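Coordinate analysis (summary)
Residue strings, one per chain:
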Amino acid sequence: MDDDSPSTPIKKGTSAQPRAIFNPMSVVGFALALFGGLGEVFIFLNNLFSGISLNYQGVVVMLFMLVIIIGLVLVGIGYWLEKNRRKSGREASFSGETLVRHPILALMFAVGLTAATAIVIGTGSYQVYHMTESVEFCGQLCHSVMNPEYTTYHNSSHARVKCVECHIGEGADWFVRAKISGMRQIYGVLANDYPKPIPTPIHNLRPARETCEKCHWPGKFIGFKEKILTYYQSDEKNTQRKLRLLVKIGGEEETALMKGSGIHFHMLSRKVEYISRSPDRQKIDYIKVTRTDNSVSEYLDTDNMITDEEIKNSERRIMDCLDCHNRPAHKFRTPMKTVNASMKQGLISTDIPQIKLQAVIALDTDYKTTPEAVTGIGNALRNFYEKNYPGFINNHPKKWLTTVEEIQAIYKRSIFPEMKAKWKVYPDNIGHRDWPGCFRCHNENTKTKEGKALYQACNDCHLILAQGEDISKSNADFVSGLPFNHPGNDEILDEYTDCNDCHDGGKTVYE
Ligand code: HEC
Ligand code: HEC
Ligand code: HEC
Ligand code: HEC
Ligand code: HEC
Ligand code: HEC
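Every value quoted in this text rests on a predicted model; they were computed, and no experiment measured them.

Another point: the coordination of the iron atom of ligand 5. Metal coordination angles in their ideal form are 109.5 degrees for the four-donor tetrahedron and 90 or 180 degrees for the six-donor octahedron. Protein coordination of the iron atom of ligand 5 is provided by His264 (NE2) and His325 (NE2), with donor distances spanning 2.0 Å. For the iron atom of ligand 5, the six donor atoms in the first shell make angles of 87 to 178° at the metal, so the coordination geometry reads as octahedral. Of this pair, histidine 264 sits in the loop between β2 (240-250) and α10 (265-269) while histidine 325 sits in the loop between α12 (321-324) and α13 (335-344), and the two are 61 residues apart along the sequence.

Laid out in structure tokens, this is it:
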């Protein structure tokens, strides 16, 4: 006879009772434990075969463990309750005839049912979960929305870093935050209710300490970085000019040539806090520096004074990598830069008169959609050259075709009219020509109360080694470099000048 059979008399009409394990709570508990177990097996197999571990894998493994434990506890409690129930003389929970006659069959039925459910739920949610973490999901599911960031990302140094690695942190709190804001975004896309362009800066981006500093060692002494920049002027001949610039990135060491030392010294030697009253952080109103020797300075934008009251009540941001490197993965390059780059590569023919100027004008025109832009660019260029250089197109059909196709291709990879995304709305804070960048703080009007400006001399940040047509020789010294000889007018610019007054990356500078 059954061990579990109650000691109290069996109810009349039933010859046998199922074991006490047959009760609703134990069955549910069993199903949960099975579900958890299958989940763990899945993760194990995934790691074994794909070799790629999940983000938050630790959290998921823990969750499945918890489910298994809860399930087993429920099985135990159910068994205990069922025993007591029968002891007190009540009927067994599962007393159907068949169940009683064929306990094994019933057990198999229950197991089959729960296993099927578990597999469906388990694999389904697993796949969905896995998919939501992928670059393709982030970049392509909401194709029209994310296309600008997805395209620029693939042209960046970080094209192998997953979106979630910069945008979402590790740990359960980020998991919940990201999935909730993700749900909101999916709703936004379905309801066609989202801002165009997507606003920047992002306020809940993962802190730089957790992202950038995982791969980049902040104290690393990078020293001088040489940049060779190639420009083409707006004249008939598209005159080429080059600039050899030594950027003083620096780092932790102090050298005779770099006081400080260098640009990265910001981060390492002092704490810089600032207040910006504009949501895009392109105007900075107040800066406080605390140095390692505990000395403090405060700088204020004297052009647009912030009140003491506002200083007390405004949100402060501590400067980190992202205040300068705000476009590590999504650079929206300006027409000035993209056209220069394609001319240098020979994709835009420098034999076409004025092509630099005309290409920048064609790209910096408002179009509603990409197809409209592609035809618009083609037509505008054709009209201009047919009118001003009759016969040129017919005499140079090949050069013409590749040049026009390249200008259209530049548009497609850097300007996204459907999302209103382009360089004008996504400033790059490295530099100071086309956007305020470093000059947000380092300008003549940002001063201490005593009147000391935060502005640094040109050669505190970089040295010009050579400029003009031939940059293979230099007569510069490594302390002060050469004064900048501005293209077009050959003016010497070596005192503070707000480049962004004339330059905006597009055609404005030529007007
Ligand atoms: C190397 C780190 C990094 C990676 C990888 C990355 N992003 Fe970004 N993303 C950023 C930063 C930094 C910003 C701008 C933050 C700011 O200025 O506040 C940003 C901004 C954005 C924005 C807001 C609009 C904008 O351009 O400012 C979207 C949308 C976005 N990213 C989507 C993506 C998608 C989709 C992927 C993967 C295809 C991705 N990101 C990969 C760092 C990254
Ligand atoms: C998963 C590792 C990883 C993470 C995270 C990462 N980077 Fe990088 N980063 C790299 C690698 C690798 C390169 C070099 C790529 C190359 O040489 O083309 C690089 C290059 C760079 C460069 C120089 C090239 C350029 O595009 O100007 C900068 C600046 C940079 N990273 C900044 C950042 C910032 C800021 C963050 C945080 C938002 C970040 N990185 C996060 C791996 C990473
Ligand atoms: C008064 C307006 C004005 C100011 C201020 C100004 N620029 Fe310019 N800049 C121009 C014009 C106009 C051109 C185009 C010259 C040409 O090609 O004919 C130009 C061209 C250039 C070019 C060549 C770009 C190319 O792609 O051909 C560089 C580099 C440049 N400027 C740097 C600077 C820097 C750096 C500053 C600030 C220190 C600055 N400019 C300030 C008007 C200005
Ligand atoms: C949020 C304001 C802010 C921005 C933006 C900013 N800086 Fe600074 N910078 C400071 C402050 C504050 C100091 C320290 C001044 C002091 O100690 O009195 C400083 C100091 C420096 C120094 C001197 C370093 C030394 O060791 O003495 C350099 C070089 C420098 N910045 C370069 C740059 C460059 C390049 C950029 C743009 C990529 C930039 N800064 C953007 C606030 C800023
Ligand atoms: C004050 C502005 C500023 C801050 C803050 C800053 N950087 Fe930079 N960083 C620069 C500039 C300017 C360059 C030179 C960029 C160029 O000319 O291409 C640079 C270059 C780099 C490079 C490229 C070096 C190379 O060899 O190409 C890396 C990587 C980098 N920074 C990482 C970081 C990281 C990580 C942080 C945060 C710990 C950080 N930076 C903070 C201004 C800054
Ligand atoms: C606070 C630091 C700082 C100061 C001061 C500064 N620059 Fe720069 N400058 C930069 C950085 C950073 C870049 C970006 C280098 C790069 O392209 O990666 C830059 C880029 C440039 C470029 C190349 C522009 C381009 O996009 O092609 C020119 C030209 C230039 N600076 C001239 C000047 C002149 C002239 C002065 C003085 C009137 C000056 N800069 C002052 C930090 C500074």
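Below, the discussion takes up the nonpolar core. Core analysis: the largest hydrophobic core is formed by 32 residues, its most contacted members being Val339, Ile377, Leu381, Tyr385 and Ile407. Tyr274, Ile284, Val289 and Tyr299 belong to the second largest nonpolar core, which has nine residues in total.

This part covers the packing of aromatic side chains. Here the structure, examined in full by the defined rule, presents 12 aromatic pairs. Plain terms: the ring middles of phenylalanine 439 and tyrosine 455 are 6.2 Å apart, the flat faces sit at 80° to each other, and that makes the pair edge-to-face. Residue phenylalanine 439 is found in the loop between α17 (397-414) and β7 (446-447), and its partner tyrosine 455 is found in the loop between β7 and α18 (458-461); the two are separated by 16 residues along the sequence. When the ring of phenylalanine 439 is compared with that of tyrosine 496, the centres are 5.3 Å apart and the planes differ by 50°; the resulting orientation is tilted. Here tyrosine 496 lies in the segment after β10 (491-493) and phenylalanine 439 lies in the loop between α17 and β7, a separation of 57 residues in the sequence. Residue class for phenylalanine 439 comes out buried when judged on its relative accessible area of 14%. Grouped by ring-pair contacts, the aromatic residues Phe384, Tyr385, Tyr389, Phe392 and Trp400 constitute a single cluster.

What follows covers the site of ligand 1. In the region of ligand 1, 25 residues are neighbours, and Cys163, Cys166, His167, Ile202 and His330 sit closest. One nitrogen or oxygen atom from the side chain of threonine 200 is found 2.9 Å from an oxygen atom belonging to ligand 1. Elements that contribute at least two residues to the shell around ligand 1 include exactly α5 (135-141), α6 (143-154) and α7 (163-167). Considering only residue class, the shell around ligand 1 consists of 17 nonpolar, five polar and three charged. Two domains each provide a minimum of three residues to the shell around ligand 1, namely domain 2 (135-194) and domain 3 (226-327 + 445-498).

There is about 370 Å³ of room inside the second largest pocket. Lining of the second largest pocket is provided by 14 residues; of these, Gln282, Lys283, Phe439, Asn443 and Asp498 occupy positions nearest its centre. Among the residues making up the lining of the second largest pocket, the classes are represented as four nonpolar, five polar and five charged.

Here we come to the packing of helix α14 (residues 355-363) against α17. Between two packed helices, both the angle of their axes relative to each other and the distance between the axes serve to describe the pair. Remark: α14 packs on α17, axes separated minimally by 10 Å, with the N-to-C direction vectors making an angle of 40°. Taken as axis vectors, α14 and α17 run oblique relative to one another. Handedness of the crossing formed by α14 with α17: right-handed. For the pair formed by α14 and α17, the contact residues are Ile355, Ala359 and Leu363 on the first element and Thr403, Ile407, Ile410 and Tyr411 on the second. The residue makeup of the contact of α14 with α17, split by class, is six nonpolar, one polar and no charged.

With that out of the way, let us pick up the sheet that holds strand β8 (residues 462-468). Across the sheet, which stays open at both edges, the three strands sit in the order β1-β2-β8 with antiparallel pairing between neighbours. A single partner strand is all that each edge strand has here, and the edge strands are β1 (223-232) and β8. If you compare each strand with its neighbour and ignore which way they point, the axes differ by 15° on average. The sheet contact formed by β2 and β8 spans six bridges and is antiparallel. Residue leucine 246 lies in a different strand from β8, and its bridge partner there is leucine 463.

Moving on: the site of ligand 4. Lining the immediate surroundings of ligand 4 are 24 residues, of which His266, Tyr299, Cys438, Cys441 and His442 lie closest. With respect to ligand 4, the side chain of tyrosine 299 contributes an N or O atom lying 2.5 Å from an oxygen atom. Histidine 442 places a side-chain nitrogen or oxygen 2.8 Å from a nitrogen atom of ligand 4. Breaking the shell around ligand 4 down by element, the ones donating at least two residues are α10, β3 (270-275), β4 (286-291) and α18. Sort the elements by how many residues they give to the shell around ligand 4 and β4 lands first, with three residues. Its residues assigned to classes, the shell around ligand 4 shows 13 nonpolar, six polar and five charged.

Take valine 161: it is sitting in the loop between α6 and α7. You can call valine 161 partly exposed: its relative accessible area is 26%. Separated by 168 residues in the primary sequence, valine 161 and alanine 329 have C-alpha atoms spaced 9.0 Å apart. Every residue in contact with valine 161, bar those within four places of it in the chain, is listed here: Tyr153 and Cys166.

The rules behind the values
- Residues numbered from 1 in each chain as written.
- Chains lettered and ligands numbered in written order.
- Predicted model: local features only at pLDDT ≥ 70, side-chain atom pairs only at ≥ 80, totals over all residues.
- Heavy atoms only, no water.
- Donors = N, O, S within 2.8 Å, 3.2 Å for Na, K, Ca; no water.
- Tetrahedral: all angles 85-135°; square planar, octahedral: opposite > 155°, others 65-115°.
- Helix = DSSP H or I, 4+ residues; strand = E, 2+ residues; numbered from the N terminus.
- Core = buried A, V, L, I, M, F, W, Y, C linked by side-chain atoms within 4.5 Å.
- Buried < 20%, exposed > 50% of the residue type's maximum accessible area, 1.4 Å probe, protein only.
- Phe/Tyr/Trp six-rings, centres within 6.5 Å; stacked < 30°, edge-to-face > 60°.
- Near = heavy atom within 4 Å.
- Polar contact = N/O pair within 3.5 Å; in protein donor to acceptor, adjacent residues only side chain to side chain.
- Nonpolar A, V, L, I, M, F, W, Y, C, P; charged D, E, K, R; others polar.
- Domains from an automatic or database assignment.
- 1 Å grid on protein atoms, 1.4 Å probe; cavity = no way out; pocket = protein on both sides within 12 Å on 5 of 7 lines; lining within 4 Å.
- Points joined across faces, edges and corners; volume = space filled by probe spheres on them.
- Axes fitted to C-alpha atoms, helices over the stretch in contact; angles between N-to-C directions.
- Parallel < 35°, antiparallel > 145°, perpendicular 65-115°, else oblique.
- Left-handed = near helix turned anticlockwise from the far one by under 90°.
- Contact = heavy atoms within 4.5 Å.
- Pairing = 2+ DSSP bridges.

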